[in-house]
Number of protein chains: 2
Amino acid sequence: MGFVLWCPRCGVRLREGEYRPWCPRCKGPLEAEGLPRLGPVLGEGSTPLVEVGGGVRAKMEYLNPSGSFKDRGAGYSLRLASMLGYDCVVVDSSGNTGLSTAVYSARLGLRARVFVPRRASPGKKVLIRAAGAELVEAASREEAARLAEAEAERCFHVAHPTSPLFLEGVKSLGREMAGEARSGSTVLVPASSGTLLLGIYRGVKEAGRDFRLIAVQSPAAYSLKGLVPELGLTGGGEGKLLDALLLARPPRLGEMARAVVDSGGGVVVVGDEAVPGAVRTALRKGFLIEPSSAAVFAALEVLREKGILPGDTILVLTGSGLKYASLLEKLSAGAI
Amino acid sequence: MGFVLWCPRCGVRLREGEYRPWCPRCKGPLEAEGLPRLGPVLGEGSTPLVEVGGGVRAKMEYLNPSGSFKDRGAGYSLRLASMLGYDCVVVDSSGNTGLSTAVYSARLGLRARVFVPRRASPGKKVLIRAAGAELVEAASREEAARLAEAEAERCFHVAHPTSPLFLEGVKSLGREMAGEARSGSTVLVPASSGTLLLGIYRGVKEAGRDFRLIAVQSPAAYSLKGLVPELGLTGGGEGKLLDALLLARPPRLGEMARAVVDSGGGVVVVGDEAVPGAVRTALRKGFLIEPSSAAVFAALEVLREKGILPGDTILVLTGSGLKYASLLEKLSAGAI
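The rules behind these values
- Residues numbered from 1 in each chain as written.
- Chains lettered and ligands numbered in written order.
- Predicted model: local features only at pLDDT ≥ 70, side-chain atom pairs only at ≥ 80, totals over all residues.
- Heavy atoms only, no water.
- UniProt positions renumbered as here; feature names shortened; annotations may be inferred.
- 1 Å grid on protein atoms, 1.4 Å probe; cavity = no way out; pocket = protein on both sides within 12 Å on 5 of 7 lines; lining within 4 Å.
- Points joined across faces, edges and corners; volume = space filled by probe spheres on them.
- Helix = DSSP H or I, 4+ residues; strand = E, 2+ residues; numbered from the N terminus.
- Nonpolar A, V, L, I, M, F, W, Y, C, P; charged D, E, K, R; others polar.
- Pairing = 2+ DSSP bridges.
- Buried < 20%, exposed > 50% of the residue type's maximum accessible area, 1.4 Å probe, protein only.
- Right-handed = clockwise from strand over helix to strand, strands pointing away.

The name given to chain A in an unreviewed UniProt entry is Threonine synthase, and the organism recorded there is Aeropyrum camini SY1 = JCM 12091. Quoted verbatim from the Cofactor (unreviewed entry) heading of the UniProt record, the comment on chain A is "pyridoxal 5'-phosphate".

This is the structure:
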């Protein structure tokens, strides 16, 4: 295990093969050198890329084994955790990372505790327990993070918003997309913790391509505000239907902003009232995705109306709608 | 559209390019000549094949776009229906085909009516409506079939247990598996309407391979009884948890039996009391699948105990557990 984690902020270098979810001195996100390339653990990755029409395609990341792109990060992190000798795992999550952690922990024979905010999707909470993890509900996303941190001494902490291992796993998506689209393509990507955005950015760079990255955020977690060009804002609200886009202060925010700006992209904020229509658009095209994923369809419409959507475009569809049956039914029927 | 449908039982040949869900004279299943090879409609197919351990692998068909292998058949049938000029679709289904039809109808701009038995999974019913189809509940699986038939004059009837188009779509799974496993491999496959079993059988043959096919059935729909070698029977029951294995008299039963016997295989019947354990086994290995799919794990155990499982084995995991969150949670906790 010849990897080394180090802190770009304060310079700390950990011992070879030592894992920490963040810098032990300044708590900043760590970087990694010499991480191994690992194959899929449970068939994650290699998801379909299909036509949406008008030069737009959709990357169906929701068809990963636990129903979200998080499987790329969880698969990689937990395989490495297992190789490092850990036998237990903790994570705090708004839902998808929690389920992914539960599924991959089961797969790899690790015990998992998952801390979720109370407002996480009921379907996801039930599935996390079904997959065999212990579920702990917290008052908020931040409280869930504090509770998980308290257990991070004994167990492997997935810590997806900071961990360079999780990011390394998600990079496989960027490498994959680099083989599927030309340089200069635009990618619309929901951005909360930033692992998806940064994983794509790094993976694409590594493969020698350049994509324009447009982040899609909720008004309730508009972390990129003032840091990158605002290409559209469909209104405000509390982001009630966007329960996978809750992280208001992602630890890699500076890097997220630099990636967006460097790529020539920007951010679109999707207000609450635009979500039901976006979900119906997605369903009409056959995409059974969760509302937080459907937000990219609202962003697409905004960019089209403004005439600022050139050339090839890819929508990253992040999470499965199968976890949201009742909500989708109501949205589909126009009852919300 | 140079295809012709004909009846192997009574000899009727339809006009070139004419579709009927079954023979207009004897109501038997039709065969097809000259069907076109069509690509995926929404990224269906090319599902992961992953290790289970001990020479056993799992084909993750539940990662198709609507969460089941049915997408292969629905994608093919409905693309062809669209090419033939139909603008509406009907289907009767215990759930998965209904959802698949709803999703692919939305994708292709077709109106869909889906007839399901009342005992179909609540999650699936909700999702069928969410995907934009009209859902009609019937007293039983048979009653759903009668209601759909009454509408089959105006609209394209998916009729998956008889239609040679649906079977043609599912054949892509057999061709795919033929490229992933050696001749002589054993395949454990849930068998209800028979399209999965026959699709694999025909696709594998077409690719010049031979797999031994072992059908897995519910005691409530043990259609192969007395027709093929019974390799195991774990007990009886009403098949309450096996709601995707409801069809007691599949129209292609004779052909199903010949395929199993010709392949050197047999049938394993999974009784009610074996299902919860099978679901827990599946979840422990990271497979979020529905109980009807998990039945193959119970069958695997029976075959292992009897020492009749030679060489390479593939379990076909047919349907997603994301549609069964609450039920899986109860099964996982041992409450059922």
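So much for the structure itself; the text now carries on.
Any chance you could explain the layout of surface pockets here in plain terms?
In this approach a probe as big as a water molecule rolls over the atoms, and the regions it shows empty are the leftover space. Volume-wise, the largest pocket comes out at about 660 Å³. For the largest pocket, the lining is made up of 30 residues, of which A:A325, A:S326, B:G123, B:A325 and B:S326 are closest to its centre. Looking at the lining of the largest pocket, the elements that each hand over two or more residues are α3 (122-130) and α10 (325-332) of chain A together with α3 (122-130) and α10 (325-332) of chain B. At four residues, α3(A) tops the list of elements feeding residues into the lining of the largest pocket. Each residue belonging to the lining of the largest pocket can be placed in one class, and the counts come to 16 nonpolar, six polar and eight charged. In this model, the second largest pocket occupies a volume close to 500 Å³. In terms of lining residues, the second largest pocket is bounded by 19 residues, among which A:D92, A:A145, A:L247, A:R249 and A:P251 are the most central.

What should I look at first to understand the sheet that holds strand β8 (residues 156-157) of chain B in this one?
Where strands meet in a sheet, backbone hydrogen bonds hold them as pairs that are either parallel or antiparallel. Spatial ordering of the open sheet is given by β7-β6-β5-β8 (chain B), a layout of four strands whose pairing is parallel. The sheet terminates laterally at β7 (134-138) and β8 of chain B, the two strands that pair on one side only.

Got a minute to help me understand the pairing of strand β10 (residues 212-217) of chain B in this structure?
Note on strand geometry: in a regular strand, side chains alternate between the two faces of the sheet. Residue and element names in this part refer to chain B. In terms of burial, β10 is a largely internal element, six of the six residues being buried. Where burial is concerned, the two faces of β10 agree: the one with R212, I214 and V216 and the one with L213, A215 and Q217 are both buried. At this point the chain moves from strand β9 (residues 186-190), through helix α6 (residues 195-206), to the parallel β10, and the crossover so formed is right-handed. When β10 meets strand β12 (residues 266-269), the two strands line up parallel, connected through four bridges. Each residue of the ladder has a partner; that of V216, found in β12, is V268.

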